[in-house]
Amino acid sequence: MKKGNLNVIENMHAYVLEHSLRESDVLNRLRLETEKDSSAIMQIPPEQGQFMALLVKLIGAKRTIEIGVYTGYSTLCVSQAMPSNSYTVACDVSEAWTNIAKRYWKEAGVDHKIDLRIAPASETLEALIKDGQSQSYDFVFIDADKDNYDLYYELSLKLLKKGGVIAIDNVLLFGSVIDSNLLGDSLRDKLSENSIQAVRDLNKKIRNDCRVDISMLQIADGITLARKI
Ligand code: CA
């Protein structure tokens, strides 16, 4: 099992998993299948999925948006945590990865609650706004290309109800928000300086954004929760 990269005390992370992780069989199999691929760094860790599932229950979410689906682990966590009449718009550009997601969503019996849109996420979000769906969503998870994080954040704020929550993933970007040199060689190839700067800029902006209540959590690769005021 991969340890959260920010958990400098390795045993502490193991303790947290041992004393809190409740991963269902279908989630476990999806995660292990995804981990076989070299892109698996894009998959959220299981304790983060469990946290997101709890979060949507806490806020009573019924309508959510996921920006960046990948193989569908977080979508599955969130969908399973919501009632049978819930609705999730799932945005991604990859047929190959989301085909894996669809297989597991179907097996878990949540596929009817998930509206997968294969297109650049900004186009999908703009279409929802044009369709009159502004201020109608309870929760948005942003976990896609970092260059567009600010755009996704702004579009998400439009689509959220008052009191709705955005969770932004990778806000610490493996430490690179502090120093790009903290990235290992394998990650350096995947993350451009522009992407790193985009996350730094958004973090700075959200710190002073009076439209939201915030908390930056130092779990997994860093998650900012922003609640629309
Ligand atoms: Ca991520």
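Scroll up to find the structure.
Description of the structure in this document. All of these numbers come straight from a predicted model, not from anything done at the bench.

A sheet is described by the order of its strands in space; here 7 strands give the open sequence β3-β2-β1-β4-β5-β7-β6, paired in mixed fashion. At either margin of the open sheet sits one strand with a lone partner, and together these are β3 (114-118) and β6 (212-217). Between one strand axis and the next, the sheet turns by 15° as a mean value, whatever way the strands run. In terms of strand pairing, strand β4 (residues 137-142) meets strand β5 (residues 160-169) through 5 bridges, oriented parallel. Bridge pairing in β5 links Phe141 to Ala167. The sheet strands contacting helix α6 (residues 121-130) are β1 (63-67), β2 (87-92), β3 and β4, and the helix crosses β2 at an angle near 145°.

We now examine the pattern of salt bridges. Counted by the stated rule, this structure contains 14 salt bridges. For Arg211, the salt bridge is made with Glu154, and the minimal N-O distance between the two is 2.8 Å. Of this pair, Arg211 sits in the loop between α9 (193-207) and β6 while Glu154 sits in helix α7 (residues 149-159); the two residues are 57 residues apart in sequence, bridging distant segments of the chain. By relative accessible area, which is 36% here, Arg211 ends up partly exposed. Taking the shortest distance from any N to any O, the salt bridge between Arg211 and Asp209 comes out at 2.8 Å. Here the salt bridges share partners, and the residues they tie into one network are Asp150, Glu154, Lys205, Asp209 and Arg211.

This brings us to the nonpolar core. Within the largest apolar cluster, 34 residues are counted, with the highest numbers of intra-cluster contacts made by Ile65, Ile67, Leu125, Ile142, Tyr153, Ile166 and Ile168. Among the secondary structure elements, those contributing two or more residues to this core are β1, β2, α6, β4, α7, β5 and α9. For Tyr153, the residues in contact, after removing those within four places along its chain, are Ile142, Ile166, Ile168, Leu202, Lys205, Ile206, Asp209, Arg211, Val212 and Ala226. Counting residues in each nonpolar core, the second largest holds 28 residues, with Leu27, Met52, Leu76 and Trp105 among its members.

Conventions adopted
Residues numbered from 1 in each chain as written. Predicted model: local features only at pLDDT ≥ 70, side-chain atom pairs only at ≥ 80, totals over all residues. Heavy atoms only, no water. Pairing = 2+ DSSP bridges. Helix = DSSP H or I, 4+ residues; strand = E, 2+ residues; numbered from the N terminus. Axes fitted to C-alpha atoms, helices over the stretch in contact; angles between N-to-C directions. Contact = heavy atoms within 4.5 Å. Salt bridge = Lys/Arg side-chain N within 4 Å of Asp/Glu carboxyl O. Buried < 20%, exposed > 50% of the residue type's maximum accessible area, 1.4 Å probe, protein only. Core = buried A, V, L, I, M, F, W, Y, C linked by side-chain atoms within 4.5 Å.

Without other data, these values stay purely geometric and don't point to any function.
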